[in-house]
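Coordinates in review
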Amino acid sequence: MFRWGVLSTAKIGREQLLPAIVDSENGVLSAIASRDLPKAKALGERFGARHAFGSYEELLASPDVDGVYIPLPTSQHVEWTAKAIEAGKHVLVEKPLALDAKDIPPLIKLRDQKKVLVCEAFMVTYHPQWIKVRDLIASGAIGRLRHVQGAFSYYNVDPNNMRNKLDLGGGALPDIGVYPTVSTRFSTGKEPIRVQATIERDKTFGTDIYSSIRADFGDFELSFYLSTQMAARQVMVFHGEKGFIEVFGPFNAGLYEHHRIELHNQNHTEAQVFRFPGTQQYRLECEAFVRAAQGGKDRVFTLEESVLNQKVIDAIFRAGDKDGWETV
């Protein structure tokens, strides 16, 4: 069994990844590290981890850990991913991996030197609903794709939340802007050429709290909006000449909506509904990661893909400071 170590007691780990690891068929939770040792021990007892460490360095030095999951604040992802690779551990790191695409190639070089697996944790790319969207588009079910429309928003004005702290990598684009971009790229196999954006920042936090984005993919357009200070909503629609696909709860299926997509025909007289009840996308992500780390052929989200996705986010930030198109 693959032995997991987790750096920090962050909420997404507690609520999503640790349960996924415990429930997985090919991995066990071996260790948890926190700068607050009692917290690591308490969380370890809750999830059955054999080891608790009072520093991240101790966990990385442990011979009882094969790979690590890193849910630290965004600004620390690159640093600790590099340290984990240097320690010879496989790495699953929360998104966004970086705050600038240029910070990722050094990790690719290090990964290749140490011969370990390193992946950004885009759980949506393992969900069967997104695999179905990709397959429907590729099969011509909606004809020529002309437009993708998306939205992702929630309301959070807690000054102590890392999402509202600029120095920790907070903001809407790093936190949730990555999802419409990655799901569109994944579903179509296409890359955007240029982007336009309007970005609003919080006067107190300094973080981006609202963005309206237009991305030109050549054959089609993607338009979406984001906010960390609007009512919670998620939607993605792929509109073609012969029909359209609507994805319900596209990024947090089960929380925002049921696990389902709908395929509508051209004149809106027929619809096919595809349901994926009970899907645990974080568990699927963990299991695929372990199989790949152990030499399997599972498709995983590579660091090369991370570079491409982060380039889009970087271009959106640049576009928000100008009037007109910005090349990706």
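For the structure, see preceding data.
This report concerns the structure included in the present document. (Residues numbered from 1 in each chain as written. Predicted model: local features only at pLDDT ≥ 70, side-chain atom pairs only at ≥ 80, totals over all residues. Heavy atoms only, no water.)

1. Some thoughts on the environment of Ile 316
- The topology assignment puts Ile 316 in helix H9 (residues 303–319).
- Judged by relative accessible area, which is 0%, Ile 316 ranks as buried.
- Here the alpha-carbon distance between Ile 316 and Ala 197, two residues 119 residues apart in the chain, equals 6.0 Å.
- Filtering out sequence-adjacent residues up to four positions away, Ile 316 remains in contact with Leu 173, Val 195, Ala 197, Ile 199, Ile 213 and Phe 224. (Helix = DSSP H or I, 4+ residues; strand = E, 2+ residues; numbered from the N terminus. Buried < 20%, exposed > 50% of the residue type's maximum accessible area, 1.4 Å probe, protein only. Contact = heavy atoms within 4.5 Å.)

2. Considerations on the sheet that holds strand S10 (residues 221–227)
- Judged by pairing direction, the sheet is mixed, and its 9 strands sit side by side in the order S14-S13-S12-S11-S7-S10-S9-S8-S15 without closing on themselves. In the strand order of this sheet, the two ends are held by strand S14 (271–275) and strand S15 (326–327), each with one partner.
- Two strands pair when backbone bridges link them, and strand S8 (residues 194–201) and strand S9 (residues 208–216) are joined in this way by 8 bridges, in the antiparallel orientation. Directly across from Ala 197, in S9, lies its bridge partner Ile 213. (Pairing = 2+ DSSP bridges.)

3. A short note on the pattern of salt bridges
- Evaluated as defined, the whole model comprises 22 salt bridges.
- Between Asp 64 and Arg 3 there is a salt bridge whose closest N-O contact spans 3.7 Å. Separated by 61 residues along the polypeptide, Asp 64 in the loop between helix H3 (56–60) and strand S4 (67–70) and Arg 3 in strand S1 (residues 2–7) bring together distant segments of the chain.
- Since its relative accessible area comes to 28%, Asp 64 is described here as partly exposed. (Salt bridge = Lys/Arg side-chain N within 4 Å of Asp/Glu carboxyl O.)

4. Quick word on the pairing of strand S13 (residues 260–265)
- Where burial is concerned, most of S13 is hidden: 5 out of the 6 residues are buried.
- Pairing of strand S12 (residues 243–248) with S13 involves 6 bridges; the strand directions are antiparallel. Directly across from Val 247, in S13, lies its bridge partner Ile 261.
- In the sheet, S13 pairs with S14 via 5 bridges, with the strands oriented antiparallel. Note that in S14 the partner of Ile 261 across the bridge is Phe 274.
- Following S13, the chain reverses through 5 residues before pairing antiparallel with S14; His 268 in that reversal takes a positive phi of roughly 65°.

These values are about where atoms sit, not about what they do.
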